[in-house]
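One-letter residues, chain by chain:
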Amino acid sequence: MKASFQQYGVRKIHLFIQYVLSLKFAVHIILVIICCGGLLYGTLRYLDYYTHHGEEISVPELVGMHRDDLTEFLQSRSLDYLIIDSVYKPDEEKGIVVAQNPKPMSKVKVDRTIYITVNAINPPTVKLPIVADKSLRQAISILQNSGLVIGELQYIPDQCTNCVLGQKIFGYTQVNDTIVPKGTVVDLILGGGLSDEKILVPLLVNLTREEAIAKLKSAFLNLGGEIYDNSVFDDEDSVNARIFAQNPPYNEYSWVHLGSSVDVEFTMLKNKIDSNVVLDSSILSIYQFEKDTL
């Protein structure tokens, strides 16, 4: 029986070797190789198509565009976007793109997502600080650090000169903390002292609106009427326009009470600005210094 079992085993091995060496087996092996190769090739081709291998496009400039225009603009370029953050810039148009990632002209694949930061539609809110009994400089620092804007400086007789006696927003006196949007204008009521104190009107010619307001506030004065000539067309021009005329004018006779207003006129035309007035400003500065030291 042992010999029969060995003969059976040898016969099975012989049949297996014959099958392996047969044409049928070779055909099966070739078919398996072709199928596996075809499957591998098809998979690689699909991955190339799915990942857009080798396809690159340039990222367009999006900063300055409004968020409502992004979808159509980017879809036409086979790109997508996602708003990941918002900031508040009061001088910028609401809803426009202020930052993007990837940067413009970067090379990316089709359907890449561009991450966007936009200027907030609604300003963030802050707790309005009460600055009564502070000095004017302290009050200005506290309010500006809270993102608020200094408005009118209203002087009333009081023994404490430039002490904050009260504050107003939207024309109403504020005595308690309240929540207001950043950029809210806060008017300050200040002590004007018991004397009829006056100050020389500063030179505002050739200053922008922002520069003029800062200079007037430092002199305890207010910006009055504002007139823009025909060279100022839009908001950007109004920011960059410079003062070519002021009333009261800048001279040795223009002494006004603390808290007074100065009217100004703006232009974009440099030839309307009297450079002689600017160059001669040092003369009045010396005059004011000598008067103050008397």
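Because the structure is predicted, anything quoted here is derived from the model rather than measured.

Peer 1: Help me out: how do you make sense of the environment of lysine 127 in this one?
Peer 2: Secondary-structure assignment places lysine 127 in strand E6 (residues 125-127). Residue class for lysine 127 comes out exposed when judged on its relative accessible area of 53%. Distance in space between the C-alpha atoms of lysine 127 and proline 181 is 8.7 Å, their sequence separation being 54 residues. Those residues in contact with lysine 127, other than ones at most four positions away along the chain, are Asp177, Thr178 and Ile179.

Peer 1: What is the right way to read the environment of leucine 203 from this model?
Peer 2: Counting through the fold element by element, leucine 203 comes out in the loop between strand E12 (198-200) and helix H5 (209-218). The spacing of leucine 203 and leucine 216 is 13 residues in sequence and 9.4 Å in space, taken between C-alpha atoms.

Peer 1: Any chance you could explain the pattern of salt bridges here in plain terms?
Peer 2: Pairs can form between side chains of opposite charge once their charged atoms are near each other. Applying the stated criterion across every chain yields a total of three salt bridges. Notably, a salt bridge pairs glutamate 211 with arginine 242, separated by 3.4 Å at the nearest N-O pair. Of this pair, glutamate 211 sits in helix H5 while arginine 242 sits in strand E14 (residues 242-247); the two residues are 31 residues apart in sequence, bridging distant segments of the chain. Since its relative accessible area comes to 36%, glutamate 211 is described here as partly exposed. One salt bridge connects aspartate 229 with lysine 272, and the closest N-O pair in it is separated by 3.1 Å.

Parameters and conventions
Residues numbered from 1 in each chain as written. Predicted model: local features only at pLDDT ≥ 70, side-chain atom pairs only at ≥ 80, totals over all residues. Heavy atoms only, no water. Helix = DSSP H or I, 4+ residues; strand = E, 2+ residues; numbered from the N terminus. Buried < 20%, exposed > 50% of the residue type's maximum accessible area, 1.4 Å probe, protein only. Contact = heavy atoms within 4.5 Å. Salt bridge = Lys/Arg side-chain N within 4 Å of Asp/Glu carboxyl O.

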